[in-house]
Amino acid sequence: MKNIPLLRPNAILIAIISVAIVISTNYQAFTQEYKIKTIVIDAGHGGKDGSTRGEYSTEKDVALKTALRLGAAIEANMKDVKVIYTRSTDVFIPLYERIAIANNAKADLFISIHCNDMPLIRSSVVTGYKKVKGKRVPIRSSVYRKSTSTRGVETFVSGMGRINEQDEVIKRENAAIFLEDNYKENYEGFDPNNAENYIILSLMKNTFRTQSLKLAKLVQDEYVNVGRVNRGVQEKSLAVLARAGMPAILTEIGFISNPAEEDYMNSEAGQEEITNCLLKAIQNYQRSIEG
Ligand SMILES: [Zn+2]
């Protein structure tokens, strides 16, 4: 058995002080992690993916205009925060790449901006009459219409929700996957033709579920404060939010299928109001986590 020399008392003291310094430095690093330093703003769609359109504007253009304006508002009002855009021009960016931009930048928040739309509903109308065996019978043809009165705002976070292949938001906001060349590799074997595969997206762990829900709620609160119709916060299997390494939301700023909301989203006053709501929500979120 070796003879282990006893540590001298001052050596023990130095060791204790060193440990204390290491702990306090780590504690500082830990608390500093909760500061919002980088925000990624994602203008939905772009390039060959125009997504929904209203009477005169497309979702990709309204989303880009809003994203750039929000970014400028953050830079003007939150001096220590860096803004990164997933796109600042009319280009196509795959959904997985959008969240990869945020993950690589170690962003603290991810905000995706979109416009809502109503699905086309098929109905049959009488367009004339013909004689069949002496009887007058109507000639029918199909027409497709969408509701132009549905309005309001809703904000999504990544999560299980209900797996519903008929869910219009899931279909629309994940549709860009079809436009990507290697979607099977990029989404772990995801097959957009198989509704059950949407489960894969929803099972990608949402580590920041609580924070994402909190931010989404704050965004909806601000919309409500300015009189928008509240369609609430929902959890959905959305490819753009899957794999987010930070709190992440997708906000639908209005229905482009509703002429009044299309005008509002394209107007100077509407743009100002929407981006103000988002800025205030981000600032409220910052206050709540940074204390
Ligand atoms: Zn969209």
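Nothing here was measured: the structure is a model prediction, and the numbers come from that model.

Asker: What am I meant to see in helix 8 (residues 259-266) here?
Answerer: A turn of α-helix holds 3.6 residues, and therefore any two residues three or four places apart point the same way. Every buried residue belonging to helix 8 is among Glu261, Glu262, Tyr264 and Met265, and all of these are buried. Taken end-on, helix 8 shows its buried residues confined to a sector of 160 degrees, consistent with a single buried face. Lining the buried residues of helix 8 we find helix 2 (59-77), strand 3 (109-116), strand 8 (248-255) and helix 9 (268-290). Between the side-chain oxygen at the start of helix 8 and the backbone nitrogen of alanine 260 there is a gap of 2.9 Å, and the oxygen is on asparagine 258.

Asker: Looking at this structure, I do not really get the pattern of salt bridges. What am I missing?
Answerer: Note that side chains of opposite charge can pair when their charged atoms are close. Taken as a whole and judged by the stated rule, the model has nine salt bridges. The salt bridge involving lysine 146 is made with aspartate 117; its shortest N-O contact spans 3.0 Å. Here lysine 146 is found in the loop between strand 5 (135-145) and strand 6 (153-158), whereas its partner aspartate 117 is found in the loop between strand 3 and strand 4 (121-132), with 29 residues between them in sequence. By relative accessible area, which is 28% here, lysine 146 ends up partly exposed. Through salt bridges with shared partners, a single network forms among Arg69, Glu268 and Glu272.

Asker: Please explain the sheet that holds strand 1 (residues 38-43) as it appears in this structure.
Answerer: Two pairing modes exist for strands in a sheet, parallel and antiparallel, and in both the strands are linked by backbone hydrogen bonds. One open sheet holds the six strands; their spatial order is 2-1-3-8-6-7, and the pairing between them is mixed. Two strands lie at the open edges of the sheet, namely strand 2 (82-85) and strand 7 (230-236), each paired on one side alone. Each adjacent strand pair in this sheet contributes to an overall mean axis angle of 20 degrees, direction not counted. Bridge analysis of strand 3 against strand 8 gives six bridges, and the strand direction is parallel. Pairing of histidine 114 across the sheet is with glutamate 252, part of strand 8.

Asker: Would you mind showing me how to read unusual backbone geometry here?
Answerer: For residues that are not glycine, phi is negative in most cases, and the peptide bond is trans in most cases. Here serine 51, not a glycine, exhibits a phi torsion of approximately 55 degrees, which is positive. Position of serine 51 relative to the elements: it lies in the loop between strand 1 and helix 2. Judged by relative accessible area, serine 51 falls into the partly exposed class, the value being 30%. Its identity as a non-glycine residue notwithstanding, lysine 106 has a phi of 50 degrees, on the positive side. If you trace the backbone, lysine 106 turns up in the loop between helix 3 (95-104) and strand 3. You can call lysine 106 exposed: its relative accessible area is 65%.

Criteria and cut-off values
Residues numbered from 1 in each chain as written. Predicted model: local features only at pLDDT ≥ 70, side-chain atom pairs only at ≥ 80, totals over all residues. Heavy atoms only, no water. Buried < 20%, exposed > 50% of the residue type's maximum accessible area, 1.4 Å probe, protein only. Helix = DSSP H or I, 4+ residues; strand = E, 2+ residues; numbered from the N terminus. Arc of directions from axis to C-beta. Contact = heavy atoms within 4.5 Å. Polar contact = N/O pair within 3.5 Å; in protein donor to acceptor, adjacent residues only side chain to side chain. Salt bridge = Lys/Arg side-chain N within 4 Å of Asp/Glu carboxyl O. Pairing = 2+ DSSP bridges. Axes fitted to C-alpha atoms, helices over the stretch in contact; angles between N-to-C directions.

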